[in-house]
Amino acid sequence: MTTPATEPGDELTVRRTERADLLAVVRIENASFPQPWPYDAFEQFLHEPGFLVATEPGGKIAGYVVADVTSNYGRDIGHVKDIAVHPSRRGAGVGSTLLARALEVLASRGARSVKLEVRDSNHGAKRLYRGFGFEPLRRVPRYYDDGEDAIVMIRPLG
C-alpha cells in the first residue's frame with residue numbers, strides 16, 4: 001500500500017516488517033519512549049501481519065506499528081501494542097497512515113474490536129486514537145514501570 005504523505009512528491013510505503021528493518025525500528029523506539037522495548041521483543045512479532053513499517057522513498061523507515069489478534073472470551077480482539085514515528089517525521093501523517101493500515105490488517109484477520117494502552121500523559125497519541133474512533137475504557141494505575149497510569153482505549157471494527 002502506498003499512501004501520499006503531506007509533502008508534495010513525498011510518498012510512504014507501508015509494508016510488513018522484515019528482519020533487516022529491526023535495527024531502525026529499535027532506534028525509533030529508543031527515541032520515542034522512556035522505557036523502550038528491546039530488540040528481541042520486536043523479533044518475536046516478525047511473523048505477525050500487523051507488524052508494519054512505513055518507508056520513505058529510498059527505503060528509510062519513518063515509523064512502525066506492532067499489532068496482533070488474540071482470542072478474548074471466544075471473540076477475536078485486535079491489540080495495537082506499539083506505534084512510533086521517527087522524530088523528524090512526526091506531525092506529517094505517518095502515525096495516521098500506519099494506524100489506518102494496522103486496523104485494516106486486524107479487521108482482515110477477524111478482529112471485531114481493537115484495544116490499546118496509552119500513557120495518560122501522551123496527549124498527542126490520545127488525540128490520534130480518538131480521531132480513529134477509540135474511546136477510553138478504563139484507567140490502569142501504575143501500568144508502566146515508572147508508575148505512570150495507562151488509559152485502555154477501545155473501538156469496534158465494522
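Thresholds, definitions, all that
- Residues numbered from 1 in each chain as written.
- Predicted model: local features only at pLDDT ≥ 70, side-chain atom pairs only at ≥ 80, totals over all residues.
- Heavy atoms only, no water.
- Helix = DSSP H or I, 4+ residues; strand = E, 2+ residues; numbered from the N terminus.
- Rg over C-alpha atoms; globule rule 2.2 N^0.38 Å.
- Buried < 20%, exposed > 50% of the residue type's maximum accessible area, 1.4 Å probe, protein only.
- Contact = heavy atoms within 4.5 Å.
- Areas by Shrake-Rupley, 256 points an atom, 1.4 Å probe, with all protein chains shown as cover.
- Lys, Arg positive; Asp, Glu negative; His and termini not counted.
- Charge placed at Lys NZ, Arg CZ, Asp CG, Glu CD.
- Salt bridge = Lys/Arg side-chain N within 4 Å of Asp/Glu carboxyl O.
- pLDDT = per-residue confidence, 0-100.
- 1 Å grid on protein atoms, 1.4 Å probe; cavity = no way out; pocket = protein on both sides within 12 Å on 5 of 7 lines; lining within 4 Å.
- Points joined across faces, edges and corners; volume = space filled by probe spheres on them.
- Nonpolar A, V, L, I, M, F, W, Y, C, P; charged D, E, K, R; others polar.
- Right-handed = clockwise from strand over helix to strand, strands pointing away.
- Pairing = 2+ DSSP bridges.

### Here's the deal with the overall build of the protein chain
Okay, so step 1: Looking only at helices and strands, the protein chain has 4 helices and 8 strands in total.
Okay, so step 2: The helix and strand sequence of the protein chain, counted from the amino end, reads β-β-α-α-β-β-β-α-β-α-β-β.
Okay, so step 3: Its C-alpha atoms give the protein chain a radius of gyration of 15 Å, near enough to 15 Å, the size a compact globule of 158 residues would have.
Okay, so step 4: Taken over the C-alpha atoms alone, the protein chain extends approximately 40 × 35 × 30 Å along its principal axes.
Okay, so step 5: Counting all 158 residues of the protein chain, 46% fall into the buried class.
Okay, so step 6: Pairs at least 24 apart in sequence give 59% of the contacts found in the protein chain among residues at least 6 apart.
Okay, so step 7: On the protein chain, roughly 8,300 Å² of surface is accessible, and the fraction owed to carbon and sulfur atoms is 49%.
Okay, so step 8: When the 21 positive and 21 negative side-chain charges of the protein chain are each reduced to one mean point, those points stand 4 Å apart.

### A look at the pattern of salt bridges
Okay, so step 1: Going through the model one piece at a time under the given rule, you end up with 12 salt bridges.
Okay, so step 2: Between Asp-68 and Lys-81 there is a salt bridge; the shortest N-O distance is 3.7 Å. Residue Asp-68 is found in strand β4 (residues 61–72), and its partner Lys-81 is found in strand β5 (residues 75–85); the two are separated by 13 residues along the sequence.
Okay, so step 3: With a closest N to O distance of 3.2 Å, Lys-126 and Asp-120 form a salt bridge.

### Re the confidence of the model for the protein chain
Reading predicted coordinates in detail is not appropriate for stretches of low pLDDT.
Okay, so step 1: Taken as a whole, the protein chain shows an average pLDDT of 92; of its residues, 94% reach a score of 70 or greater.
Okay, so step 2: Taken together, the stretch residues 1–9 has pLDDT below 50 and engages in 17 contacts with residues farther than four places along the chain or on a different chain.

### Digging into the layout of surface pockets
Okay, so step 1: Quantified by volume, the largest pocket comes out at close to 870 Å³.
Okay, so step 2: Together, 33 residues line the largest pocket, and Phe-33, Asp-82, Ile-83, Asn-122 and Tyr-129 are the ones closest to its centre.
Okay, so step 3: Among the secondary structure elements, those contributing two or more residues to the lining of the largest pocket are α1 (22–32), β5, α3 (94–108), β6 (113–119) and α4 (123–131).
Okay, so step 4: For the lining of the largest pocket, the leading source of residues is β5, giving 7 residues.
Okay, so step 5: Of the residues belonging to the lining of the largest pocket, the class tally is 16 nonpolar, 9 polar and 8 charged.

### Focus: the pairing of β6
Okay, so step 1: By the criterion of burial, β6 is predominantly enclosed, with 6 of the 7 residues buried.
Okay, so step 2: Remark: the β5/α3/β6 crossover connection has right-handed handedness.
Okay, so step 3: Inspection of the sheet shows β6 paired to strand β8 (residues 150–156) by 7 bridges, in the antiparallel sense. By the bridge assignment for β8, Val-118 is matched with Ile-151.

### Description of the environment of Val-66
Okay, so step 1: Inspection of the secondary structure puts Val-66 in strand β4.
Okay, so step 2: When the C-alpha positions of Val-66 and Val-80 are compared, they lie 6.1 Å apart, and in sequence the two are 14 residues distant.
Okay, so step 3: Aside from chain neighbours lying at most four places away, what touches Val-66 is Trp-37, Phe-42, Phe-45, Gly-50, Phe-51, His-79, Val-80, Lys-81 and Asp-82.

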